[in-house]
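Coordinates in review
Here's the letter readout for the chains.
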Amino acid sequence: MSDCMWTIESALELIRTIEPQARERFHCFIGLCGGVVRNGSSDKDLDLMLIPMNGDETPHPRGLVLFLGELLKVEFKTVNSMHYNRQKITPLAFYGAALEDGRRIELIIQDFLP
C-alpha cells in the first residue's frame, strides 16, 4: 500500500462500484467529501456522504450502510464525532469502519432519515 490510504482514483473506483446499487435499491447518491476531495488523497480515511434522492421512492440510507458493510465485509459502527459542532450543523450520523487492508471509511448521513 502507498503512503496514503485513499487516492481520488481509489475513491472513485469504489464509488463507481457501489453507486448503481445505492441509486437503484436505496435511492441515494454517494458524495465524495473530505481530504480526498481537498487534496486528491488522504492518509486518514475516505469520507462519503449518503445523499437521499428526490423522487417517488423513499430513500434508505441506513439500509445502504448495511449493504456497504456486507459488500466490504466490515461492520460500520457509530463514530464519536466530537470534532463536529453538532449544534451548528444539520444533525448528522457518522459511521466508520476499517477494511482488512487497514484503510478506513467514514459514512455521513442525515440523522433524521429512515
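Residues numbered from 1 in each chain as written. Predicted model: local features only at pLDDT ≥ 70, side-chain atom pairs only at ≥ 80, totals over all residues. Heavy atoms only, no water.

A word on the overall build of the protein chain
Rule in force here: In DSSP terms, a helix is any run of H or I states spanning at least four residues, a strand is any run of E spanning at least two, and both are numbered starting from the N terminus. The criterion used for residue contact is that any of the two residues' heavy atoms lie within 4.5 Å. For the accessible areas, the method is Shrake-Rupley and the probe is 1.4 Å, while residue cover comes only from the protein chains on display.
The helix and strand tally for the protein chain stands at 3 helices and 7 strands. In the protein chain, the order of α-helices and β-strands from amino to carboxyl end is β-α-β-α-β-β-α-β-β-β. Summarising the internal contacts of the protein chain: among those between residues at least 6 apart in sequence, 55% fall at separations of at least 24. When the accessible surface of the protein chain is summed, it comes to about 6,900 Å², and 51% of that surface belongs to carbon and sulfur atoms.

Quick notes on the environment of Y95
Keep this limit in mind: A 1.4 Å probe rolled over the protein chains alone gives each residue an accessible area, and that area as a share of the maximum for its type sets the label: buried under 20%, exposed over 50%, partly exposed in between.
As for its placement among the helices and strands, Y95 is situated in strand β6 (residues 92–98). Under the relative-accessibility criterion, Y95 is labelled buried at 15%. Counting along the chain gives 10 residues from Y95 to I105, while the straight-line C-alpha distance between them is 8.2 Å. In this view, Y95 contacts R62, V65, F76, K77, T78, V79, I105, E106, L107 and I109; residues no more than four positions away in its chain are not counted.

Looking at the packing of aromatic side chains
Note the following rule: Pairing of aromatic rings covers Phe, Tyr and Trp, the last through its six-membered ring, and needs centres within 6.5 Å; plane angles under 30 degrees mean stacked, over 60 mean edge-to-face, and all others mean tilted. Geometrically, a lysine NZ or arginine CZ counts as sitting over a ring once it is within 6 Å of the ring centre and also within 35 degrees of the ring normal.
For the structure shown, the criterion picks out 1 aromatic pair. Judged by centre distance (5.6 Å) and plane angle (40 degrees), the rings of F26 and F67 are tilted. Of this pair, F26 sits in helix α1 (residues 8–26) while F67 sits in helix α3 (residues 61–72), and the two are 41 residues apart along the sequence. Here F67 falls in the buried class, since its relative accessible area comes to 13%. Over the face of the ring belonging to W6 we find R103, whose NZ or CZ atom lies 4.0 Å from the ring centre.

Quick look at the packing of α1 against α3
Condition: What counts as an axis is a line fitted to C-alpha atoms, over the stretch in contact for a helix, and the angles between N-to-C directions run from 0 to 180 degrees. If an angle is under 35 degrees, it is roughly parallel; if it is over 145, roughly antiparallel; if it lies from 65 to 115, roughly perpendicular; otherwise it is oblique. In this scheme, a crossing is called left-handed if the near helix is turned counterclockwise away from the far one by less than a right angle; it is called right-handed if the turn is clockwise. Each residue is assigned to one class: nonpolar for Ala, Val, Leu, Ile, Met, Phe, Trp, Tyr, Cys and Pro, charged for Asp, Glu, Lys and Arg, and polar for all the others, Gly among them.
At their nearest, the axes of α1 and α3 sit 11 Å apart, and the two run at 140 degrees to each other. Our classification of the angle between α1 and α3 gives oblique. Our pair here, α1 against α3, has a crossing hand that is right-handed. Where α1 abuts α3, its residues L14, I18, Q21, A22, R25 and F26 lie against G63, L64, F67, L68, L71 and L72. Considered class by class, the residues forming the contact of α1 with α3 number 9 nonpolar, 2 polar and 1 charged.

Quick notes on the nonpolar core
The cut-off we apply is this: Here, nonpolar core means buried Ala, Val, Leu, Ile, Met, Phe, Trp, Tyr and Cys residues that are tied together by side-chain atoms lying within 4.5 Å of each other.
Core analysis: the biggest nonpolar cluster contains 27 residues, and L64, F76 and I105 have the highest contact counts within it. Of all elements in the fold, only α1, β2 (28–33), β4 (46–52), α3, β6 and β7 (104–110) reach the threshold of two or more residues within this core.

Some words on the pattern of salt bridges
The criterion, for reference: By salt bridge we mean one thing: a side-chain nitrogen of Lys or Arg within 4 Å of a carboxyl oxygen of Asp or Glu.
All told, the structure shown has 3 salt bridges when counted by the stated rule. Between R103 and D101 there is a salt bridge, with the nearest N and O atoms lying 2.9 Å from each other. Among the ionic contacts, a cluster of salt bridges with common partners joins E19, R23 and E24.

Considering unusual backbone geometry
Phi at H27 takes a positive value of approximately 55 degrees, unusual for a residue other than glycine. Relative to the helices and strands, H27 is located in the loop between α1 and β2. With a phi angle near 60 degrees, K73 is a residue other than glycine that sits in the positive phi range.

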